[in-house]
Amino acid sequence: MNVSGRPTRTIWPTADGTAVEIIDQTRLPHAFITVRLASLAAAAHAIQAMLVRGAPLIGATAAWGMWLALRTDASDAGLAHAHATLLVTRPTAVNLRWALDRVRAHVAPLAPPARAAAARALAVVLCDEDVALNRGIAAAGLPLIRALAARKPAGARVNLLTHCNAGWLCAVDVGTATAPIYAAHDAGIPIHVWVDETRPRNQGASLTAWELLNHGVPHTVIADNAGGHLMQHGEVDLVIVGTDRTTSTGDVCNKIGTYLKALAAHDNGVPFYVAAPSPSIDWTLRDGLREIPIEERTAREVSHLTGRLPDGSVATIALLPEGSPAANPAFDVTPARLVTGLITERGVCPASAAGLRTVFPAG
Ligand code: MRU
C-alpha cells in the first residue's frame, strides 16, 4: 500500500543486504518510524514487543529472523536454537510455527554454508506468497460486498464492521480482512467501515483507522461496545475479521472481543465472515476452545493508555485506581457455528471441516 505516496510493505530487506527493515507499529499512528533488524535477538524482540504484529507478519518476520540467525550460526544446533527462540515469541498465531517449520524444512537438508542464503531466498518467497494469498482473498471476498451493494438503493453505502487490525499492517501487504474492503473501495463501490477500537492495545483505533485514512476509505472508529447496538439498528451489513488460528473444523481464534461481535451478528442476522489465508489454518486442531493457546499479555496494556497530548508529545497515562488488578487475555475463540463463511485465497467456504475440504482437499 502507499505511505505518503510511496508503495510500502511492512517488512523488506535493506538495500545494503545486511538486515531487514520494519515499520515500528508501536509508534503508529502518531509517528511513522522504521527499524532495522540485524540479528536473531532483534527479530525475536520485534515480534514479542509487537513492533510487528498480526499473524501473517509475525510469520514473515520469523522467516527473516531465521536468515539473520543462520548468518552467524548455521550449524544444526544454531538452526534448532533459532527455531526455538522465535517459536516462543507469541503463542497464538499459527503462522509463526508454519513459517519457522517451512524455513527449517527447506534449509536442514543443506550443508551449513548454504543455509543462510537459502533461508533468505525463502523469506523473499514467503513474503511474495503472502501478498498473493491476500490478493486471492480480495478476489474471493469482493463479490460478497458487491452483492450487498446491489441490494441497496443506488449510491447507498455498504456498511462493514471490522475488529482489530487485519489490514495491510498485519500482513506483508494488502491485509486479510481488509483485502476485500480495499478491492471494493478501489472498484468504486460505496462503502463505509466501522472500526472497533480494539482495547486494550487499540489496533483498530491506531492501525486500521490509519490505514483506511491513508487509502481514503470512509470509516468511523467506534468503542468496542458499540457494535451490537449498531447491528440492532441495521447499521452493519457485513462483519469481516481476520484470524490468528482457525481449526480444521472452522473454529476461529482472533483478537479478544471477536466472539462478542460474532454473537451480536448472529442475533441480528448480520453475515459474519472471516478472512482466513491458508497459513492461518491449523490442520492439526479440531476444537478451538480447548486446543488453541490463548496469549495472556501484561496487565499494563489494560491499566494504561498511550496517546498524543495537545502539545504533540506522546505519553502513557494510568487508567485504574492504584492497586486494582487487571487481566489481559489477548484472543478469543468464535465457534464455527457463528461464522457465516471463511474467505480463503481459494474462495469462500463454510466454516466446517467439510467446508474447508471443498477448497483445501488435501488439508
Ligand atoms: O495481537 P496482534 O495485534 O498480533 O493480533 C493479531 C491481530 O491483529 C488480529 O487478531 C487480527 O484480526 C488477525 S491477524 C490477521
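Our subject is the structure that appears above.
Along each chain, residue indices are assigned from 1 in the same order as the chain's sequence is written. Local features are withheld for residues below a pLDDT of 70 in this predicted model, meaning they are given only at 70 or higher, and side-chain atom pairs are given and counted only at 80 or more; totals for whole chains, interfaces and linings count all residues. Only hydrogens and water are set aside when side-chain values are computed; all heavy atoms of the structure are taken into account.

Visitor: Could you give me a rundown of the overall build of the protein, with the residues and numbers involved?
Guide: Runs of E in the DSSP output that reach at least two residues are strands. Runs of H or I that reach at least four are helices, and both are numbered from the N terminus. Helix and strand counts for the protein come out as 12 helices and 18 strands. Taken over C-alpha atoms, the radius of gyration comes to 20 Å for the protein, in line with the 21 Å a tight globule of 363 residues would show. For every residue, the accessible area (1.4 Å probe, protein chains only) is compared with the maximum for its type, and the residue is labelled buried under 20%, exposed over 50%, or partly exposed between those bounds. Of all 363 residues assigned to the protein, the portion counted as buried reaches 55%. Pairs at least 24 apart in sequence give 73% of the contacts found in the protein among residues at least 6 apart. We get accessible surface area from the Shrake-Rupley algorithm with a probe of 1.4 Å; when it comes to residues, only the shown protein chains can shield them. Surface summary for the protein: the accessible area is close to 14800 Å², and the carbon and sulfur share equals 56%. On the protein, the mean spot of the 30 positive side-chain charges and the mean spot of the 30 negative ones are 3 Å from each other. The atom set for the radius of gyration is the C-alpha atoms, and the globule formula is 2.2 Å times the number of residues raised to the power 0.38. We call two residues in contact whenever any of their non-hydrogen atoms come within 4.5 Å of each other. Positive charges are assigned to Lys and Arg, negative charges to Asp and Glu, while His and the chain termini are left out of the count. Charge positions come from single atoms, namely NZ of Lys, CZ of Arg, CG of Asp or CD of Glu.

Visitor: An account of the nonpolar core is requested, with residue identities and associated values reported.
Guide: Ranked by internal contacts, the top residues of the largest apolar core, which has 81 residues, are Ile11, Ile145, Leu160 and Ile191. The domain boundaries here were taken from an automatic or database domain assignment. Among the domains, domain 1 (2-129) and domain 2 (143-359) are the pair contributing at least three residues each to this core. The residues contacting Ile191, other than those within four sequence positions of it, are Ile145, Arg157, Val158, Leu160, Ile181, Ala184, His185, Val217 and Pro218. For this analysis, a nonpolar core means a set of buried residues of the types Ala, Val, Leu, Ile, Met, Phe, Trp, Tyr and Cys, connected via side-chain atoms within 4.5 Å. Leu161, Trp194, Val236 and Ala351 belong to the second-largest nonpolar core, a separate cluster that totals 26 residues.

Visitor: Go over the pattern of salt bridges, please, and point to the residues and values.
Guide: We define a salt bridge as a side-chain nitrogen of Lys or Arg found within 4 Å of a carboxyl oxygen belonging to Asp or Glu. Scanning the model with the defined rule gives 14 salt bridges in all. Between Asp76 and Arg115 there is a salt bridge, with the nearest N and O atoms lying 2.8 Å from each other. With Asp76 in helix H3 (residues 76-87) and Arg115 in helix H5 (residues 112-150), this residue pair connects regions lying 39 residues apart in the sequence. As a salt-bridge pair, Arg102 and Glu129 come within 2.8 Å of each other at their nearest N and O atoms. Of this pair, Arg102 sits in helix H4 (residues 95-107) while Glu129 sits in helix H5, and the two are 27 residues apart along the sequence.

Visitor: If you had to explain the sheet that holds strand S13 (residues 281-282) to someone new, which residues and values would you point to?
Guide: Hydrogen bonds between backbone groups are what pair the strands of a sheet, and the pairing can be parallel or antiparallel. Think of it this way: DSSP has to see at least two bridges between two strands before they count as a pair. Across the sheet, four strands lie side by side as S13-S10-S11-S16; this open sheet has mixed pairing. The open sheet terminates on both sides in strands that have one partner only, identified here as S13 and strand S16 (331-334). In this sheet, S13 lies alongside strand S10 (residues 245-247) in parallel orientation, the contact comprising two bridges. Across the sheet, the residue bridging to Thr246 is Ile281, located in S13. Helix axes use the C-alpha atoms of the stretch in contact, all axes being lines fitted to C-alpha atoms, and the angles between their N-to-C directions lie in the range 0 to 180 degrees. Sitting on the sheet, helix H9 (residues 258-268) is in contact with strand S11 (252-255) and S16, with an inclination near 30° to S16.

Visitor: Outline the pairing of strand S12 (residues 272-275), supporting the account with residue identities and numerical values.
Guide: Every second residue of S12 is oriented toward a common face, with Phe272 and Val274 on one face and Tyr273 and Ala275 on the other, all of them buried. In this structure, strand S9 (residues 238-241) lies alongside S12, joined through three bridges in parallel fashion. Residue pairing for S12: Val239 is matched across the bridge by Phe272. Across three bridges, the pairing between S12 and strand S17 (residues 341-344) is parallel. Bridge pairing links Ala275 to Ile343 in S17.

Visitor: Residues and numbers for the side chain of Asp237, please.
Guide: By the secondary structure assignment, Asp237 is in the loop between helix H8 (227-232) and S9. Polar contact is defined as a pair of N or O atoms within 3.5 Å, subject to the rule that within protein one atom must be able to donate a hydrogen and the other to accept it, and that residues adjacent in sequence are counted only when both atoms are side-chain atoms. A distance of 3.0 Å separates polar atoms of two side chains, one belonging to Asp237 and the other to Lys152. Side-chain polar atoms of Asp237 contact the backbone nitrogen of Asn159, separated by 2.7 Å. Beyond its immediate chain neighbours, meaning those up to four positions away, Asp237 contacts Leu148, Lys152, Arg157, Val158, Asn159, Val270 and Pro271.

Visitor: Kindly report on the site of the ligand, identifying the contributing residues and their values.
Guide: Throughout, the term near means that a residue has one or more heavy atoms lying within 4 Å of the molecule or strand in question. Near the ligand lie 18 residues; those nearest to it are Arg53, Arg90, Asp244, Asn254 and Lys255. Take Arg53: an N or O atom from its side chain is 2.4 Å from an oxygen atom of the ligand. Separating an oxygen atom of the ligand from a backbone N or O atom of Gly54 is a distance of 2.9 Å. If you list the elements that add at least two residues to the shell around the ligand, you get helix H2 (55-72) and S11. Split into classes, the residues belonging to the shell around the ligand amount to seven nonpolar, seven polar and four charged. When residue character is reported, Ala, Val, Leu, Ile, Met, Phe, Trp, Tyr, Cys and Pro are called nonpolar, Asp, Glu, Lys and Arg charged, and the others, Gly included, polar.

Visitor: Describe a nonpolar patch on the surface, and please don't skip the residues or the numbers.
Guide: Put simply, a patch holds well-exposed residues, over 30% relative accessible area, that have no salt bridge, with like charges counted together within 9 Å and Val, Leu, Ile, Met, Phe, Trp or Tyr side chains within 5 Å. Side chains of Ile317, Leu319 and Leu320 sit close together on the surface and give an oily, nonpolar patch of about 230 Å² of accessible area. Checked against the element boundaries, Leu319 lands in the loop between strand S15 (314-318) and S16. Taking relative accessible area as the criterion, Leu319 reaches 42% and is therefore assigned partly exposed.

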